[in-house]
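Examining the three-dimensional arrangement
Residue strings, one per chain:
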Amino acid sequence: RMGDHMEPLLPVRHENRDFFVCDIFDALPYFKDDMASMEHPVFSLSTKPDMRVLHYEHNGNTITIKPSYDGLPTIHDKDILLYCASYLRAAIARGHTPSRTIRFTAYDFLVSTNKAVDGDSYERFKDALNRLRGTTINTNIKTGGLQIEEGFGFIDAWRAVKEDKDGRVIAAEIELSKWSYNAILANEVLTISRDYFRIRKPIERRIYELARKHCGDNQSCKIGIDKLHKKIGTTAPTRKLRAQIRTIEEINKTPDYAVSISDDVVTFTNRNWKPPVSERQSGWPFLKPETFTKARAAAPGWDVYHLEREWREWIAKKEPTKRPDAAFVAFCRKRFQRQGRP
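Residues numbered from 1 in each chain as written. Predicted model: local features only at pLDDT ≥ 70, side-chain atom pairs only at ≥ 80, totals over all residues. Heavy atoms only, no water.

**Some points on the pattern of salt bridges**
When their charged atoms lie close together, side chains carrying opposite charge are able to pair. For the structure shown, the criterion picks out 17 salt bridges. Its salt-bridge partner being lysine 126, residue glutamate 123 comes within 3.0 Å of it at the nearest N-O pair. Separated by three residues within a single helix, glutamate 123 and lysine 126 lie in helix 4 (residues 119-134), roughly one turn from each other. On the basis of relative accessible area, glutamate 123 is assigned to the partly exposed category, the value being 38%. (Salt bridge = Lys/Arg side-chain N within 4 Å of Asp/Glu carboxyl O. Helix = DSSP H or I, 4+ residues; strand = E, 2+ residues; numbered from the N terminus. Buried < 20%, exposed > 50% of the residue type's maximum accessible area, 1.4 Å probe, protein only.)

Set out below in structure tokens:
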């Protein structure tokens with residue numbers, strides 16, 4: 001149970017999907033994430049201005065990030081780059097060669113990334129643009145087959161059109177750096193869950209990114225706590241990270257992946273993984289994708305894939321059901337009615 005812990009996921013602020021009018025959401029249920037920055041701790045996890053110079057080495061790659069007067073960009077600032085990446089990938093999917101300059105409304109960005117639509121959010125949006133523009137990166141990481149060894153930023157420039165009456169940004173124009181642009185055009189991206197934008201704590205966002213990068217669509221993967229500490233880029237000692245992982249494991253709300261720790265080895269388990277068809281029992285009842293959505297509604301708070309395994313063990317001892325989808329949802333509903341939230 002949650003106990004005294006703050007709910008780790010923000011509420012879904014914009015239920016009405018009609019708000020997602022920007023064409024990046026046309027039949028695209030996920031955002032894209034840049035694999036280079038998912039692997040290396042590029043974005044600050046601090047909630048206060050972070051003036052450190054970051055230097056990271058791994059497998060022959062080096063990256064140095066120098067902040068501007070406004071500090072390092074944060075992992076929440078990264079939402080702007082994710083939005084831009086999704087916009088460009090959608091254009092590529094339609095057969096276009098997009099420009100490095102992207103134009104969009106600030107309102108669409110805020111709604112799309114599950115942020116509040118108020119004056120403070122518009123101000124934070126501009127602050128994020130300044131941090132992204134002011135940061136200097138030196139790296140030998142390859143993106144799109146190119147090796148860029150000169151200094152560059154996340155974005156080269158930005159402009160905003162504001163309302164005179166209250167100063168809110170109506171529209172924004174962002175010119176991506178060649179590095180960011182090359183990574184996106186080379187398709188060096190992974191889909192990430194919409195619920196990523198609901199994760200409150202910066203370190204939990206970073207842990208999700210690493211789980212997505214290293215576990216991917218596999219059933220699970222393991223990583224030592226010391227190596228994870230290095231990849232996260234946190235300034236906190238390892239003992240604090242160990243405690244944070246245990247809290248994440250207890251709350252069990254990380255999108256897509258369950259996180260656990262034992263003997264200083266952290267395991268990411270894919271909540272959506274299913275065994276290949278060849279590994280399934282004969283007569284295995286197939287469930288429709290929408291069935292799992294109904295199951296979540298029938299048993300709020302429960303891991304529906306764990307319930308699925310229990311249900312399959314249970315029905316294996318009974319006569320085959322003719323309506324497996326309805327039977328599974330009913331099983332979930334009864335479990336919730338008997339035991340409530342886990």
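**Here's the deal with the nonpolar core**
Ile80, Phe104, Phe125, Leu176, Ile245, Val266 and Phe268 are the most contacted members of the largest nonpolar core, which has 60 residues in total. The element best represented in this core is helix 2 (residues 78-93), accounting for seven residues. Other than its neighbours up to four places away in sequence, phenylalanine 125 contacts Ile80, Phe104, Ala106, Phe109, Val169 and Ala172. (Core = buried A, V, L, I, M, F, W, Y, C linked by side-chain atoms within 4.5 Å. Contact = heavy atoms within 4.5 Å.)

**Thoughts on the sheet that holds strand 9 (residues 169-176)**
Taken together, the three strands give an open sheet; going across it, the order is 4-9-8, and neighbouring strands pair in antiparallel fashion. With one partner strand each, in any of the chains shown, strand 4 (101-105) and strand 8 (155-162) form the two edges of the open sheet. Adjacent strand axes in the sheet meet at a mean angle of 15° when their direction is disregarded. Of the pairings in the sheet, the one linking strand 8 to strand 9 comprises seven bridges and is antiparallel in character. Along strand 9, the bridge assignment pairs alanine 160 with alanine 172. Here helix 2 sits on the sheet in contact with strand 4, strand 8 and strand 9, set at roughly 110° to strand 4. Strands strand 4, strand 8 and strand 9 of the sheet are contacted by helix 4, whose axis makes an angle of about 155° with strand 8. (Pairing = 2+ DSSP bridges. Axes fitted to C-alpha atoms, helices over the stretch in contact; angles between N-to-C directions.)

**Here's the deal with helix 8 (residues 238-251)**
Relative to the 20 Å expected for 14 residues at 1.5 Å per residue, helix 8 spans 20 Å between its end C-alpha atoms, a close match to the ideal helical length. Trailing helix 8 by a residue or two, asparagine 252 shows a phi angle of about 60°, which is positive. (Expected span 1.5 Å × (residues − 1).)

**Brief notes about helix 5 (residues 178-185)**
With six of its eight residues buried, helix 5 lies for the most part within the structure. The set of residues buried in helix 5 consists of Trp179, Ser180, Tyr181, Asn182, Ala183 and Ile184.

**A few points about the packing of helix 6 (residues 202-214) against helix 8**
Interaxial distance between helix 6 and helix 8 falls to 12 Å at its minimum, and their mutual angle equals 80°. Judged by the angle between their axes, helix 6 and helix 8 are roughly perpendicular. Contact with helix 6, carried on its side by Ile203, Glu204 and Ile207, involves Leu241, Gln244, Ile245 and Ile248 of helix 8 and no other residues of that element. Its residues assigned to classes, the contact of helix 6 with helix 8 shows five nonpolar, one polar and one charged. (Parallel < 35°, antiparallel > 145°, perpendicular 65-115°, else oblique. Nonpolar A, V, L, I, M, F, W, Y, C, P; charged D, E, K, R; others polar.)

**A short note on unusual backbone geometry**
Positive phi is not limited to glycine here, since asparagine 114 has a value of about 60°. Residue class for asparagine 114 comes out buried when judged on its relative accessible area of 9%.

**So, the packing of aromatic side chains**
This model, assessed by the stated rule, comprises 15 aromatic pairs. Measuring from ring centre to ring centre gives 5.0 Å for phenylalanine 292 and tyrosine 305, while their planes differ by 25°; the resulting arrangement is stacked. Taken together, the residues span a long stretch of sequence, with phenylalanine 292 in helix 9 (residues 289-298) and tyrosine 305 in helix 10 (residues 304-315) at a distance of 13 residues. The two residues phenylalanine 292 and tyrosine 305 agree in class, both being buried. Ring pairing ties together the aromatic residues Phe43, Phe152, Phe154 and Trp179, which thus form one cluster. One cation-aromatic arrangement involves arginine 205 over tyrosine 196; the distance from NZ or CZ to the ring centre is 4.7 Å. (Phe/Tyr/Trp six-rings, centres within 6.5 Å; stacked < 30°, edge-to-face > 60°. Lys NZ or Arg CZ within 6 Å of the ring centre and 35° of its normal.)

**Describing the packing of helix 9 against helix 11 (residues 324-339)**
Contact pair helix 9 / helix 11: the axes reach a minimum separation of 8 Å and the direction vectors enclose 20°. The pairing of helix 9 with helix 11 is recorded here as roughly parallel in orientation. Between helix 9 and helix 11 lies a crossing whose hand is right-handed. Contacts between helix 9 and helix 11 involve Thr291, Phe292, Lys294, Ala295 and Ala298 on the former and, on the latter, Asp325, Phe328, Val329, Cys332, Arg333 and Phe336. Counted by class, the contact of helix 9 with helix 11 contains seven nonpolar, one polar and three charged residues. (Left-handed = near helix turned anticlockwise from the far one by under 90°.)

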